[in-house]
Amino acid sequence: MKIYNFYDTDPTGWEEYDISGEDYKELMRTCCKYSKTMSFIILDPDVVSYLNELEKFNVEKDDNIIDEKVRYGRPGQKIQPYRKYYRVCPELCELLISMTDSIFKLLLGWGQTNPDDPTFYRADGSVFFSSIIHEGEITLYPRDDEDVSNIVSKPHWIEKEV
């Protein structure tokens with residue numbers, strides 16, 4: 001199986017990379033095409049934008065989705081971060097595209113007030129796309145019948161055999 005990683009910088013940290021504009025739209029539409037559910041990490045619901053708009057797509061976590069620990073938060077923090085799940089549909093996809101113009105702006109911080117770390121899940125609960133946006137990392141986990149060639153053929157994607 002092949003996976004594909006994209007980092008927001010080169011190994012030296014001098015060059016910065018992004019997936020933005022039409023490439024961001026294509027990435028979101030491809031994630032929506034192959035996914036049934038997606039999630040965001042909500043760091044602070046009092047600050048994060050788009051929660052009202054996302055609410056109509058809110059679903060309970062499917063039993064076949066392996067619950068991932070939320071990587072953020074500190075003991076004693078007033079609000080503990082949590083993961084929220086959403087039904088993938090064309091309307092949600094268009095909302096994701098309208099929220100920002102860059103995958104690395106899907107975070108709360110650095111001047112952004114978006115929900116964090118989108119993850120897309122197939123109907124069987126397996127992960128199609130994951131992200132750790134504040135670390136500048138995203139990963140695609142395509143299966144043989146899922147065409148991501150238009151995305152990963154662009155610069156800075158790293159193919160790995162697993």
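Predicted model only: the values in this text are computed from it and were never measured.

Trainee: Describe the overall build of the protein, with residues and values.
Mentor: Secondary structure summary: the protein contains four helices and ten strands in total. In sequence order, the secondary structure elements of the protein are arranged as β-α-β-α-β-β-α-β-β-β-β-β-α-β. A compact globule built from 162 residues should have a C-alpha radius of gyration of about 15 Å, and the protein, at 15 Å, falls within 12% of that. Of all intrachain contacts in the protein linking residues separated by at least 6 positions in sequence, the fraction that spans at least 24 positions is 71%. Just so you have it, the protein exposes about 8800 Å², and 49% of that area is on carbon and sulfur atoms. Counting 19 positive and 31 negative side-chain charges, the protein places the centres of these two groups 4 Å from one another.

Trainee: I'd like to hear about the pairing of strand β7 (residues 116-121), residue by residue, with values.
Mentor: Residues in a regular strand project their side chains so that they alternate between the two faces of the sheet. For β7, the buried fraction is high: six of the six residues fall into the buried class. Pairing analysis gives four bridges linking strand β2 (residues 37-42) to β7, with the strands arranged antiparallel. Counted as the bridge partner of T37 is Y121 from β7. With two bridges joining them, β7 and strand β8 (residues 127-132) adopt antiparallel strand pairing. Opposite F120, over in β8, you have F129 as the bridge partner. Between the end of β7 and the start of β8, which pair antiparallel, lie five residues, with G125 showing a positive phi angle near 90 degrees.

Trainee: How would you explain the environment of T119 if you had to name every residue and give the values?
Mentor: Relative to the helices and strands, T119 resides in strand β7. Judged by relative accessible area, which is 3%, T119 ranks as buried. C-alpha of T119 to C-alpha of F129: the two residues are ten residues apart in sequence and 5.5 Å apart in space. Ignoring anything within four residues of it in the chain, the contact list for T119 reads T37, M38, S39, E68, R83, V127, F129, S130 and S131.

Trainee: Tell me about the sheet that holds strand β10 (residues 157-161), and name the residues and values.
Mentor: Sheet architecture is open: eight strands sit in the order β3-β4-β2-β7-β8-β9-β1-β10, paired in antiparallel fashion. What marks the edges here is a single partner per strand, and that holds for β3 (58-59) and β10. Where helix α1 (residues 21-33) meets the sheet, its contacts fall on β7, β8 and β9 (137-140), and the angle it forms with β8 comes to roughly 140 degrees. Packed onto the sheet, helix α3 (residues 90-99) meets β2, β4 (82-87) and β7 and runs at close to 40 degrees relative to β2.

Trainee: Residue-level account of the pairing of β8, with values.
Mentor: Where burial is concerned, most of β8 is hidden: five out of the six residues are buried. Bridge count between β8 and β9: four bridges; the pairing is antiparallel. Each residue of the ladder has a partner; that of I132, found in β9, is E137. Hairpin connection from β8 to β9: four residues lie between these consecutive antiparallel strands, with G136 at a positive phi of about 75 degrees.

Analysis parameters
Residues numbered from 1 in each chain as written. Predicted model: local features only at pLDDT ≥ 70, side-chain atom pairs only at ≥ 80, totals over all residues. Heavy atoms only, no water. Helix = DSSP H or I, 4+ residues; strand = E, 2+ residues; numbered from the N terminus. Rg over C-alpha atoms; globule rule 2.2 N^0.38 Å. Contact = heavy atoms within 4.5 Å. Areas by Shrake-Rupley, 256 points an atom, 1.4 Å probe, with all protein chains shown as cover. Lys, Arg positive; Asp, Glu negative; His and termini not counted. Charge placed at Lys NZ, Arg CZ, Asp CG, Glu CD. Buried < 20%, exposed > 50% of the residue type's maximum accessible area, 1.4 Å probe, protein only. Pairing = 2+ DSSP bridges. Axes fitted to C-alpha atoms, helices over the stretch in contact; angles between N-to-C directions.

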